[in-house]
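# A look at the structure
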Amino acid sequence: PRLSRGKSVSIVASFVVTEHGDVTDLRVEEGGGILEAVLPQMSRWKWEPGRKNGVPVKVRVRWRQTYVGGY
């Protein structure tokens with residue numbers, strides 16, 4: 001569905017980035033609804049993994065996406 005002009009809708013999710021840069025363990029923390037449809041796309045992302053003392057480590061990332069209607 002289209003958002004009316006000036007209206008916004010947000011989703012907050014978190015996911016784990018593995019030592020190889022893969023996205024796993026997606027969780028919706030706030031919002032959701034129709035925006036949850038973007039989550040499967042996130043699982044295909046490649047991220048630079050976190051590092052500790054130069055060694056790649058698994059980290060949890062919190063992500064917020066906001067859409068604004070009328071543009």
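Residue numbers run consecutively from 1 along every chain, following the written order of its sequence. Given that this is a predicted model, residues contribute local features only at a pLDDT of at least 70 and side-chain atom pairs are listed and counted only at 80 or more, while totals for whole chains, interfaces and linings are drawn from all residues. As a rule here, side-chain values cover all heavy atoms of the structure and leave hydrogens and water aside.

### Quick word on the pattern of salt bridges
Here, a salt bridge means any Lys or Arg side-chain nitrogen found within 4 Å of an Asp or Glu carboxyl oxygen. Under the counting rule described, the total for this entry stands at seven salt bridges. Between R27 and D25 there is a salt bridge, with the nearest N and O atoms lying 3.1 Å from each other. A simple rule labels every residue: compare its accessible area, found with a 1.4 Å probe on the protein chains alone, to the largest value its type can have, and call it buried under 20%, exposed over 50%, or partly exposed in between. Note on R27: relative accessible area 44%, which makes it partly exposed. Among the salt bridges present, the one from R60 reaches D25, with a minimum N-O distance of 2.3 Å. Remark: D25 occurs in strand β2 (residues 23–31) and R60 occurs in strand β5 (residues 59–68); sequence separation between them is 35 residues. The exposure class assigned to R60 is partly exposed, which follows from its relative accessible area of 37%. Taking relative accessible area as the criterion, D25 reaches 37% and is therefore assigned partly exposed. In the salt-bridge network here, residues are joined through shared partners; they are E29, E30, R62 and R64. A run of H or I in DSSP counts as a helix once it spans at least four residues, and a run of E counts as a strand once it spans at least two, with each numbered from the N terminus.

### Brief notes about the nonpolar core
Take the buried Ala, Val, Leu, Ile, Met, Phe, Trp, Tyr and Cys residues and link them wherever side-chain atoms come within 4.5 Å; each set so joined is a nonpolar core. In terms of nonpolar packing, the biggest core is built from ten residues, these being I11, A13, F15, V17, V23, L35, L39, M42, V61 and W63. Of all the secondary structure elements, the ones that give two or more residues to this core are β1 (8–17), α1 (39–42) and β5. In terms of residues, this core owes the most to one element, β1, which gives four residues.

### A few points about the packing of aromatic side chains
Where two aromatic rings form a pair, the distance of their centres and the angle of their planes describe that pair. Aromatic pairs are defined between Phe, Tyr and Trp rings, using the six-membered ring for Trp, whenever the two ring centres lie within 6.5 Å; interplanar angles under 30 degrees are classed as stacked, those over 60 as edge-to-face, and all others as tilted. For the structure on display, the rule yields four aromatic pairs. With a centroid separation of 5.1 Å and an interplanar angle of 65°, the aromatic rings of F15 and W47 are classed as edge-to-face. Of this pair, F15 sits in strand β1 while W47 sits in the loop between α1 and β3 (50–52), placing them 32 residues apart in sequence. According to the relative accessible area criterion, W47 is partly exposed, its value standing at 32%. Taken together, the aromatic side chains of F15, W45, W47 and W63 make up a single cluster linked through ring pairs.

### With respect to the side chain of T18
With respect to the element layout, T18 can be found in the loop between β1 and β2. Among the residues examined, T18 registers a relative accessible area of 12% and is labelled buried. It only takes one pair of heavy atoms within 4.5 Å for two residues to be counted as in contact. The residues touching T18, leaving out its near neighbours within four places in the chain, are T24, P49, V57 and K58.

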